[in-house]
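Observations on the three-dimensional arrangement
What follows is the residue order along each chain.
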Amino acid sequence: MKTVEWHDTPGGAEVWLIDQTRLPLEEEVVRCRDYTEVAHAIRSMQVRGAPAIGVTAAMGEALAAVRAPDDTLNATIQEACGALAKTRPTAVNLFWAIERMRSAALRVAGSAPHEVRAALVDEAQRIAVEDEACSRAIGAHGAALFAEGDGVLTHCNAGGLAAVSYGTALAPLRAAHERGTRFHVWVDETRPFLQGSRLTAWELLKAGIDCTLITDNMAAHFMGRGRVQKIIVGADRIAANGDVANKIGTYGLAILAREHSIPFYVAAPTSTVDLALASGDLIPIEERDHTEVTQLRGQQMAPLGMRAAHPAFDVTPHRYVTAIITEEGVHGPPYVESLREAVEVARGKTLLAGEGVHGASR
Ligand code: MRU
């Protein structure tokens, strides 16, 4: 199944998610029957990854509309927008998707309740379809960057599990592999939530892509030994100047890449670009529960009562980024220009296809 799916069941509409907290050992599905369950799934990281949480939030909005009685329909839609927006602060795709749903609701304001519900379900499904198309386009644009025999390092999970399917950073690797290019992927474990060892490793093995798991602190060693020719990561929010917020540890990799003259690529849909923020210092960084650092799967790994820090993301300054791959192409510096142009082209296509917003205020 896809990472997130809309299902009309005999008991009513549901949003189905692959439970990413259970992978790789158990392949379980979470069935959300109302928007509060969707919000919980995002907060607890049963679904995670910037594009995936955007699509999931949109479906949560649609679910709120479908499940609400006529007399509280508008209030419930607003309530759901508020609750979903509070789940995670860094990935801008969440706010982008909520804005699109809000705009879709505004366009049918005053219509019959069944029309409002239909409009929101349509919009959520359109966002999901577009996300898959974005991943494919990122794959097609980025595949040529990877050559036979390359060692490619990636961090966190920016694969199919982080989107509806196919992924962002893993999309060019999948596309290159499908074209017959053979390379090796170094999979950073990605402490503390282990998205690399639990999710990226699972996906790459399924795709038949040659890969090796390393702990995060091994990256410099393999770069120094000439085993890494390229680095590619995803993004949770990209500021107008090209500064990139991504999983904690990304910034360090970018500095290491510069030291070793290794190209450092970022792959993300234009819905991850936040033109409203001039630079990366303005990106809100999520601080997650410290027990995710002090414990591993419920097992205490530090002295009881030990203080810990847990910023879930860091910001890589744009000067370290070789290129940003979006569904509109491969963009180089100056990012202020290339990203604005990419977002405008994408926004034009979305408007032509039926409305939407980019870089909306949040
Ligand atoms: O905390 P997570 O697992 O949601 O963080 C995910 C990442 O940092 C990904 O690299 C990013 O969202 C890009 S996903 C296509």
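Residues numbered from 1 in each chain as written. Predicted model: local features only at pLDDT ≥ 70, side-chain atom pairs only at ≥ 80, totals over all residues. Heavy atoms only, no water.

Check the secondary structure of the protein chain and you find eleven helices and 16 strands. Relative to the compact-globule value of 21 Å for 362 residues, the protein chain shows a C-alpha radius of gyration of 20 Å, a close match. Summarising its shape, the C-alpha atoms of the protein chain cover approximately 65 × 50 × 40 Å along the three principal directions. Among the 362 residues that make up the protein chain, the fraction classed as buried is 58%. Sequence separation of 24 or more characterises 74% of the internal contacts of the protein chain that already satisfy a separation of 6 or more. As displayed, the protein chain has an accessible area near 14500 Å², and 54% of this comes from carbon and sulfur atoms. In the protein chain, 35 side chains carry a positive charge and 44 a negative one; their mean positions are 3 Å apart. (Helix = DSSP H or I, 4+ residues; strand = E, 2+ residues; numbered from the N terminus. Rg over C-alpha atoms; globule rule 2.2 N^0.38 Å. Buried < 20%, exposed > 50% of the residue type's maximum accessible area, 1.4 Å probe, protein only. Contact = heavy atoms within 4.5 Å. Areas by Shrake-Rupley, 256 points an atom, 1.4 Å probe, with all protein chains shown as cover. Lys, Arg positive; Asp, Glu negative; His and termini not counted. Charge placed at Lys NZ, Arg CZ, Asp CG, Glu CD.)

This part covers the domain arrangement of the protein chain. Domain boundaries assigned for the protein chain yield domain 1 (4-137) and domain 2 (143-346). Between domain 1 and domain 2, the C-alpha centre-to-centre distance is 25 Å. If you look at the interface, domain 1 gives 31 residues, while domain 2 gives 35 residues. The contact between domain 1 and domain 2 buries some 2800 Å² in all, and 55% of this surface belongs to carbon and sulfur atoms. In this assembly, domain 1 and domain 2 are joined by two salt bridges. Here Glu286 and Arg88 are joined by a salt bridge, their closest N and O atoms 2.8 Å apart. Where domain 1 touches domain 2, the interface holds 20 residue pairs in polar contact (both at pLDDT 80 or more). Looking at the side of domain 1 that touches domain 2, the elements with two or more residues in it are helix H2 (50-67), helix H4 (92-107) and helix H5 (113-142). (Domains from an automatic or database assignment. Buried area = accessible area lost by both parts, 1.4 Å probe. Salt bridge = Lys/Arg side-chain N within 4 Å of Asp/Glu carboxyl O. Polar contact = N/O pair within 3.5 Å; in protein donor to acceptor, adjacent residues only side chain to side chain.)

The subject of this paragraph is the side chain of Thr90. Checked against the element boundaries, Thr90 lands in the loop between helix H3 (73-85) and H4. A polar side-chain atom of Thr90 sits 2.7 Å from the main-chain carbonyl oxygen of Pro284.

This part covers the site of the ligand. Neighbouring the ligand are 18 residues, the closest being Arg48, Arg88, Asp236, Asn246 and Lys247. In the environment of the ligand, an oxygen atom lies 2.9 Å from a nitrogen or oxygen atom belonging to the backbone of Ala50. For the ligand, the protein covers 100% of the area, taking 420 Å² as the surface of the free molecule. Elements represented by at least two residues in the shell around the ligand include exactly H2 and strand S9 (244-247). Split by domain, the shell around the ligand shows at least three residues from each of two domains, domain 1 (4-137) and domain 2 (143-346). (Near = heavy atom within 4 Å.)

Now for the pairing of strand S5 (residues 184-188). Here S5 lies mainly inside the structure; five of its five residues are buried. Pairing of strand S4 (residues 151-154) with S5, which is carried by four bridges, proceeds in the parallel orientation. Within the sheet, the bridge partner assigned to Gly151 lies in S5 and is His184. Taken together, S4, helix H6 (residues 170-178) and S5 form a β-α-β motif whose crossover is right-handed. Across four bridges, S5 lies against strand S6 (residues 211-214) in parallel orientation. Within the sheet, the bridge partner assigned to Val185 lies in S6 and is Cys211. Regarding topology, helix H7 (residues 195-207) serves as the crossover connection from S5 to the parallel S6, and that connection is right-handed. (Pairing = 2+ DSSP bridges. Right-handed = clockwise from strand over helix to strand, strands pointing away.)

The next subject is the pattern of salt bridges. Any two side chains of opposite charge can pair, on the condition that their charged atoms come close. As enumerated under the stated definition, the model contains 19 salt bridges in all. Of the charged contacts, one joins Asp150 and Lys230 as a salt bridge, the two residues approaching to 2.7 Å between their closest N and O atoms. Note that Asp150 is positioned in the loop between H5 and S4 and Lys230 in strand S7 (residues 230-233), a separation of 80 residues in sequence. Like Lys230, Asp150 is buried. Here Glu286 and Arg288 are joined by a salt bridge, their closest N and O atoms 2.8 Å apart. For Glu286, a relative accessible area of 7% corresponds to the buried category. Here the residues in one salt-bridge network are Arg100, Arg107, Glu123, Arg126 and Glu130, joined through shared partners.

This part covers the packing of aromatic side chains. Within the structure shown, the criterion is met by three aromatic pairs. Where Phe146 meets Tyr265, the ring centres are 6.2 Å apart and the plane angle is 70°; that geometry is what we call edge-to-face. Of this pair, Phe146 sits in the loop between H5 and S4 while Tyr265 is found in strand S10 (residues 264-267), placing the two residues 119 residues apart along the sequence. Residue Phe146 shares its accessibility class with Tyr265, and that shared class is buried. Seen in terms of ring centroids, Trp186 and Phe222 are 4.4 Å apart; in terms of plane orientation they differ by 25°. Their pairing is stacked. Taken together, the residues span a long stretch of sequence, with Trp186 in strand S5 and Phe222 in helix H8 (residues 219-224) at a distance of 36 residues. Each member of the pair, Trp186 together with Phe222, is buried. A cation over a ring is seen here: Arg288 above Phe193, with NZ or CZ 5.9 Å from the ring centre. (Phe/Tyr/Trp six-rings, centres within 6.5 Å; stacked < 30°, edge-to-face > 60°. Lys NZ or Arg CZ within 6 Å of the ring centre and 35° of its normal.)

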